[in-house]
Amino acid sequence: MHALHGPPRARRLLRRLAVAGAALLAATAAAPQAGAAGPEDSSARGGGLSAVIRYTENGIPHIWARDYARLGFGTGWAQAADQVCVLADGFVTVSGERSRWFGPDAATDYSLSSASRNLSSDLYFKGVRESGTVERLLAAPAPAGPSGPLRELMRGWAAGYDAWLAQNRITDPACAGAAWVRPVTATDVAARALAVSVLGGQGRAVDGITAALPPGPGPAAPAAVPGGPDAGGPDPGAAAEAARRLFDTSRYDMGSNAVAFAGSTTANGRGLLLGNPHYPWQGGRRFWQAQQTIPGELNVSGASLLGTPVVNIGFTEKVAWSHTVATGTPVSVHRLSLVPGDPTAYLVDGKPERMTERRVTVEVAGGAPVTRGQWWTRYGPVVTALGPGLPLPWTGAEAYALNDPNAVNLRGSDTALALARAGSVAGIQDALRRTQGLPWVNTVAADSAGGTLFTQSQVLPRITDELAARCSTPLGRATYPASGLAVLDGSRGDCALGSDPDAVQPGVFGPGRAPVLRDAPYAENSNDSAWLANADRPLTGYERVWGDVSAPRSTRTRGALEDVSAMAARGRLTVGDLQRQQYADRVPAGDLAAADAARACAELPGGSATGSDGGAVDVSAACGVLAGWDRTADSTSRGALLFDRFWRRLTASTPARELWLVPFSAADPVRTPRTLNRAAPGVGRALADTVAELRAAGIALDAPLGEHQFVVRDGRRLPVGGGTEALGVWNKIEAPWNAAAGGYAEVVHGSSHIQAVGWDGSRCPVARTVLTYSQSADPTSPFHADQTRLFSRERWVTSRFCERDVLASPALRVVVPSERR
């Protein structure tokens, strides 16, 4: 590996070398038959892979290569340099070895599944590996298996990661010297991709899959209505509420906002895109920034999920896109009627079928290996729970199996690669149609010609409303309307999911059934359903499994629609307007309720309210603070913290029907519900509890938000603006309350890789980005907190997409890594 940097004179030499290297790469791409050598070849005379990585400000790599294997190599190398410990931890997870290295009872970090303990995680992932699913998918021709370019990218990524491990000393204390950091293969990379694919399905049910055991010997349960209370199954009403909560996107640790503006709304007639994904700030679902270039073939800049060899959200010379977590329910449940006396056999059209047991053995630190069985059916694994609130008991009479079509979907990275090669929103739509790989996200896009796109092109089980009406069990008749979770009668062959002619996979919807909005003045999504991607052009006619219609929107969706519709109406928009929207930190809940809350406070007799403990609290000082608050969650805002703590309490304890005087109306979905019910008993109680809490913590009621919402990096507090889901702030920030540490002392998830993109007629996109938690997880890296400081100050990184801009970077540093054979 060669690294070049230094003082001005050296940098001038470096730029000449970089230009020469770029020219050689371009020549190689243009005339590979001539055998022209790129700079990577000069350092890899043994025939191994190599690439050119040019770093600019904030440690952002621009990876040049002359083919996909070398591009993957450079990407794997550069990701390892920034994130080796996080990556290595994830590979331990997908190999099913967490119990071996970290103990069976330790909690996981939930990055790659919902497993509550390492043992549960290992049993699941080891089972996936031993089933051969990944290998079968890798062996399948595209589109079921990876395309040729993606195979090369994965092969190269593994080689680049391994080469970095072999040639560098780990400085990150999280794994320096750890025996569990090991080389990987392309199969490991694919296994990690599959884990990401099932995050919304099997990944949520790992504990329920690995805990599923046949009932012990004893008399079979008496005949009863399938799934009904008499059969000992879950209560339909309680299950409906549990399913609604489980698939409620506002409760996820992943979400997003994205908006595309058409040329009719912009200053120059070209499109604009603002992407604001909300992802975890720690662990294996972090984003990582890069530009990937194969001259004449690919040129894309953006963010990748760790361990992924492609750019997942980003922009090119002509188009930009982002994703938002979608409301489609990616799984279905099938009730099995068991053969009397044999709980491991079930009936389909009266004929018995045996379950298949997969015996999985997991190594355990300090103890004997643990062996458990997992039971699989034609529909998928037997599952005894979907989350903690939805039990699905396995009795002598019935069991439940989970169908997750994404459990055989390795197409997501091919979709990302196809998006990166698209040249317009029409090309984006065509890429989604051809590859059909997105498991749990929508896509919002804009292009340089002024086009816009919203589409929920998501891999979903083919649950039509007709099928649900005809085949739902009593449990399913409750859960499907509430959440889109179908519970079907697995004993009937006529309840099979069927196929759409344009679907690349049996049992899923084809892209022709997905909600789509093309070329609207704006297209926006904040994790509600497709219904109001544009409030003036509602989308309807899709099956319930995709999401709801004519139902209340989240406060974040309502605020976003207010903001972006006003921006579109104002017109003459630029990238600067996108930047201002990102950091406006308007609190829609504050606009709805703060004035009424201040009035309710002022109306309290004697300025006193009764808290949850029955004690009286003088809240009079809070009234003026609420009235004078500027209704933003800016780090300097006084009153934001008081309202935040009050509003969380109030909305957690008071149903919407009691909270608002004007109820929701589908005819006015952005403006309703509204008008706080000042007489609701929860208002005074929430005020009392909030004032008591802040005083006990020594926090002034009018303290600036940033003094008590912050992160600590390099021993310094960095104030963080933005707000929680309940407040509806575009710039979403979720942080646990820790009064002893000063308030919200660490962000766990929220705004992550933000991009504001437009075009000016040149070949260089006008793009501003910020990676809120910075590029490297290594606290010894100079790129561990630099962008976090930018985010704290509401600043941006100016993207260096074109060659001239990369070479003009004052921080330019070139690395030429290669395999050593």
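Residues numbered from 1 in each chain as written. Predicted model: local features only at pLDDT ≥ 70, side-chain atom pairs only at ≥ 80, totals over all residues. Heavy atoms only, no water.

Thoughts on the overall build of the protein chain
- Summing up its helical and strand segments, the protein chain has 23 helices and 34 strands in all.
- Taking 821 residues into account, the globule formula puts the C-alpha radius of gyration at 28 Å, and the protein chain, at 27 Å, falls close to it.
- Counting only C-alpha atoms and orienting by the principal axes, one finds that the protein chain spans roughly 75 × 70 × 55 Å.
- Taken over 821 residues, the protein chain has a buried fraction of 63%.
- Within the protein chain, residue pairs in contact and separated by at least 24 positions form 68% of the contacts whose partners lie at least 6 positions apart.
- When the accessible area of the protein chain is evaluated, it comes to approximately 28,700 Å², of which 54% is carbon and sulfur surface.
- A gap of 5 Å separates the mean positions of the 80 positive and 75 negative side-chain charges of the protein chain. (Helix = DSSP H or I, 4+ residues; strand = E, 2+ residues; numbered from the N terminus. Rg over C-alpha atoms; globule rule 2.2 N^0.38 Å. Buried < 20%, exposed > 50% of the residue type's maximum accessible area, 1.4 Å probe, protein only. Contact = heavy atoms within 4.5 Å. Areas by Shrake-Rupley, 256 points an atom, 1.4 Å probe, with all protein chains shown as cover. Lys, Arg positive; Asp, Glu negative; His and termini not counted. Charge placed at Lys NZ, Arg CZ, Asp CG, Glu CD.)

A word on the layout of surface pockets
- Of the voids in this model, the largest pocket is the one considered here, and its volume is about 1,600 Å³.
- Together, 45 residues line the largest pocket, and Arg 244, Asp 248, Ser 250, Arg 251 and Ser 554 are the ones closest to its centre.
- Mapped by element, the contributors of at least two residues to the lining of the largest pocket are helix H10 (236-246), helix H14 (474-483), helix H15 (555-570), helix H19 (640-653), helix H20 (656-659) and strand E23 (660-662).
- Partitioned by chemical class, the residues of the lining of the largest pocket number 15 nonpolar, 15 polar and 15 charged.
- Empty space within the second largest pocket amounts to approximately 860 Å³.
- Ser 114, Arg 204, Leu 246, Arg 251 and Tyr 252 are, among the 35 residues lining the second largest pocket, the residues nearest its centre.
- At the level of secondary structure, the elements contributing two or more residues to the lining of the second largest pocket comprise helix H9 (206-210) and H10.
- Class assignment of the residues belonging to the lining of the second largest pocket gives a composition of 16 nonpolar, twelve polar and seven charged. (1 Å grid on protein atoms, 1.4 Å probe; cavity = no way out; pocket = protein on both sides within 12 Å on 5 of 7 lines; lining within 4 Å. Points joined across faces, edges and corners; volume = space filled by probe spheres on them. Nonpolar A, V, L, I, M, F, W, Y, C, P; charged D, E, K, R; others polar.)

Digging into the pattern of salt bridges
- In the structure shown here, the tally under the stated rule is 48 salt bridges.
- As a salt-bridge pair, Arg 335 and Glu 398 come within 2.5 Å of each other at their nearest N and O atoms. Of this pair, Arg 335 sits in strand E10 (residues 332-339) while Glu 398 is found in strand E15 (residues 398-403), placing the two residues 63 residues apart along the sequence.
- Relative accessible area serves as the criterion here: at 6%, Arg 335 is assigned to the buried category.
- The exposure class of Glu 398 is buried, given its relative accessible area of 1%.
- Between Arg 492 and Asp 494 there is a salt bridge, and its shortest N-O distance comes to 3.1 Å.
- Assessed through its relative accessible area of 27%, Arg 492 is described here as partly exposed.
- The class of Asp 494 is partly exposed, set by a relative accessible area of 43%. (Salt bridge = Lys/Arg side-chain N within 4 Å of Asp/Glu carboxyl O.)

Notes on the environment of Asp 82
- Turning to its location among the elements, Asp 82 is positioned in helix H3 (residues 68-94).
- For the pair Asp 82 and Val 575, spaced 493 residues apart in sequence, the C-alpha separation works out to 29 Å.
- Among all residues touching Asp 82, those that are not within four sequence positions of it are Gly 59, Trp 288, Gln 775, Ser 776, Ala 777 and Asp 778.

What about the state of the cysteines?
- Following the criterion strictly, the structure yields four disulfides and no others.
- Residue pairing for Cys 471: its cysteine sulfur links by disulfide to Cys 495, the two sulfurs lying 2.1 Å apart. Around the S-S axis, the bridge from Cys 471 to Cys 495 shows a dihedral of about -90° and counts as left-handed. Within this pair, whereas Cys 471 is found in helix H13 (residues 465-471), its partner Cys 495 is found in the loop between strand E18 (487-489) and strand E19 (516-518), the two being separated by 24 residues in sequence. Grouping residues by exposure puts Cys 471 and Cys 495 together as buried.
- Two residues, Cys 764 and Cys 802, share a disulfide whose sulfurs are 2.0 Å apart. (Disulfide = S-S within 2.5 Å.)

Structural notes on helix H12 (residues 425-435)
- Those residues of H12 that fall on the buried side of the exposure criterion are Val 425, Ile 428, Ala 431, Leu 432 and Thr 435. Relative to the axis of H12, the buried residues are bounded by an arc of 110° and lie together on one face.
- Where H12 is buried, its residues contact strand E9 (319-325), helix H11 (412-420), strand E16 (441-447), strand E17 (452-455) and E19.
- Following H12 by one or two positions, Gln 436 has its phi on the positive side, about 50°. (Arc of directions from axis to C-beta.)

Side note on the confidence of the model for the protein chain
- Across the protein chain, the average pLDDT comes to 93, with 92% of residues at 70 or higher.
- Scored below 50 in pLDDT, residues 20-45 makes 39 contacts in the model with residues more than four places away or belonging to other chains. (pLDDT = per-residue confidence, 0-100.)

A word on helix H18 (residues 620-628)
- Among the residues of H18, Ala 622, Cys 623, Val 625 and Leu 626 are the ones counted as buried.
- Tucked inside the fold, the buried residues of H18 contact helix H17 (588-602), H19 and helix H21 (681-696).

Concerning unusual backbone geometry
- Here Ala 142 and Pro 143 are connected by a cis peptide whose omega angle stands at 10°.
- Positionally, Pro 143 belongs in the loop between helix H6 (133-139) and helix H7 (148-167).
- With an omega of 0°, the peptide bond running from Thr 672 to Pro 673 counts as cis.
- Relative to the assigned elements, Pro 673 resides in the loop between E23 and strand E24 (674-676).

Some thoughts on the packing of H17 against H18
- One way to put it is that H17 packs onto H18 with a least axis distance of 8 Å and a crossing angle of 160°. In this view, H17 runs roughly antiparallel relative to H18, as classed from their interaxial angle. By crossing handedness, the relation of H17 to H18 is classed as left-handed. Between H17 and H18, the contacting residues are Ala 594, Ala 597, Ala 598, Cys 601 and Ala 602 on the first element and Ala 622, Cys 623, Leu 626 and Ala 627 on the second.
- Among the residues making up the contact of H17 with H18, the classes are represented as nine nonpolar, no polar and no charged. (Axes fitted to C-alpha atoms, helices over the stretch in contact; angles between N-to-C directions. Parallel < 35°, antiparallel > 145°, perpendicular 65-115°, else oblique. Left-handed = near helix turned anticlockwise from the far one by under 90°.)

Focus: the side chain of Gln 289
- Note on placement: Gln 289 falls in strand E6 (residues 287-294).
- A residue is classified by how much of its surface remains accessible, and Gln 289, at 3% relative accessible area, is buried.
- Engagement of the side chain of Gln 289 in a polar contact is seen with the side chain of Thr 769, the distance being 3.3 Å.
- Separated by 2.8 Å, the side chains of Gln 289 and Gln 787 make a polar contact.
- Apart from residues no more than four positions distant in its own chain, Gln 289 is found in contact with Ile 60, Pro 61, Gly 302, Ala 303, His 753, Thr 769, Leu 771, Gln 775 and Gln 787. (Polar contact = N/O pair within 3.5 Å; in protein donor to acceptor, adjacent residues only side chain to side chain.)

Examining the packing of aromatic side chains
- In the structure shown here, the tally under the stated rule is 20 aromatic pairs.
- Here Trp 281 and Phe 791 contribute two aromatic rings whose centre-to-centre distance is 6.1 Å and whose plane-to-plane angle is 65°, an arrangement assigned as edge-to-face. Here the residue Trp 281 occupies a position in the loop between strand E5 (272-280) and E6, and Phe 791 occupies one in helix H22 (residues 786-792), the gap between them amounting to 510 residues. Residues Trp 281 and Phe 791 agree in their burial class; the two are buried. (Phe/Tyr/Trp six-rings, centres within 6.5 Å; stacked < 30°, edge-to-face > 60°.)

Regarding the packing of helix H5 (residues 118-131) against helix H8 (residues 186-197)
- In contact at an axis separation of 12 Å, H5 and H8 are set at 125° when each is read in the N-to-C sense. With respect to H8, the axis of H5 lies oblique. Of the two elements, H5 crosses H8, and the hand of that crossing is right-handed. Mapping the contact onto sequence places Phe 125, Val 128 and Arg 129 in H5 and Thr 187, Asp 188, Ala 191, Leu 194 and Ala 195 in H8.

Comments concerning the pairing of E6
- The buried count for E6 comes to eight of eight residues, which makes it a mostly enclosed element.
- Where burial is concerned, the two faces of E6 agree: the one with Phe 287, Gln 289, Gln 291 and Thr 293 and the one with Trp 288, Ala 290, Gln 292 and Ile 294 are both buried.
- As paired strands, E6 and strand E7 (residues 298-305) are joined by eight bridges and run antiparallel to one another. Its bridge partner lying in E7, Gln 292 is registered against Val 300. (Pairing = 2+ DSSP bridges.)

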